[in-house]
Amino acid sequence: SVAFPVGTTINIVTAASAINIVMPGSDSLYQGGTGSTGTRSLNSYGMATLMKVATQTWYVAGAGVS
């Protein structure tokens, strides 16, 4: 567990296997453009960017995020 500062961005690229993006503890993960929250999947060969916008709030967007 890392206390990333607000403004941190993390890029994720997957290969042949899909992954789940899960936030720890009480952090919220919003899907960009939809406002929906919760665990997200990143499909095979997908690309996503996570951005921390507040103390416990992250956004995720990219190709293959569902």
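Please refer to the structure higher up on the page.
Predicted model only: the values in this text are computed from it and were never measured.

> Account for the pairing of strand E5 (residues 57-65), naming residues and giving values.
Where strand E3 (residues 28-31) lies against E5, 4 bridges are found, and the strand directions are parallel. By the bridge assignment for E5, Gln 31 is matched with Val 60. Pairing analysis gives 8 bridges linking strand E4 (residues 40-54) to E5, with the strands arranged antiparallel. Looking at E5, one finds that Met 51 is bridged to Tyr 59. Counting the residues that bridge the hairpin from E4 to E5 gives 2 residues.

> I'd love a proper account of the nonpolar core, names of residues and values included.
Among the nonpolar cores identified, the biggest contains 10 residues, and these are Ile 12, Ile 21, Met 23, Leu 29, Leu 42, Ala 48, Leu 50, Trp 58, Val 60 and Val 65. For this core, the secondary structure elements donating two or more residues are E4 and E5. Among all residues touching Leu 42, those that are not within four sequence positions of it are Ile 12, Thr 14, Ala 18, Ile 19, Ile 21, Met 47, Ala 48, Ala 63, Gly 64 and Val 65.

> Could you give an account of a nonpolar patch on the surface, naming the residues involved and the relevant values?
Together, Met 51, Val 53 and Tyr 59 make up an exposed nonpolar region whose accessible area comes to about 260 Å². Its location among the elements puts Tyr 59 in strand E5. Taking the relative accessible area as the measure of exposure, Tyr 59 reaches 40% and is therefore partly exposed.

> Describe the packing of aromatic side chains, naming the residues involved and giving the relevant values.
For the coordinates displayed, the defined rule picks out 2 aromatic pairs. Ring geometry for Phe 4 against Trp 58: centres 6.0 Å apart, planes inclined by 90 degrees, an arrangement best described as edge-to-face. Of this pair, Phe 4 sits in the segment before strand E1 (9-13) while Trp 58 is found in strand E5, placing the two residues 54 residues apart along the sequence. Taking the relative accessible area as the measure of exposure, Trp 58 reaches 5% and is therefore buried.

Thresholds applied
Residues numbered from 1 in each chain as written. Predicted model: local features only at pLDDT ≥ 70, side-chain atom pairs only at ≥ 80, totals over all residues. Heavy atoms only, no water. Pairing = 2+ DSSP bridges. Helix = DSSP H or I, 4+ residues; strand = E, 2+ residues; numbered from the N terminus. Core = buried A, V, L, I, M, F, W, Y, C linked by side-chain atoms within 4.5 Å. Buried < 20%, exposed > 50% of the residue type's maximum accessible area, 1.4 Å probe, protein only. Contact = heavy atoms within 4.5 Å. Patch = residues over 30% accessible without salt bridge, like charges linked within 9 Å, V, L, I, M, F, W, Y side chains within 5 Å. Areas by Shrake-Rupley, 256 points an atom, 1.4 Å probe, with all protein chains shown as cover. Salt bridge = Lys/Arg side-chain N within 4 Å of Asp/Glu carboxyl O. Phe/Tyr/Trp six-rings, centres within 6.5 Å; stacked < 30°, edge-to-face > 60°.

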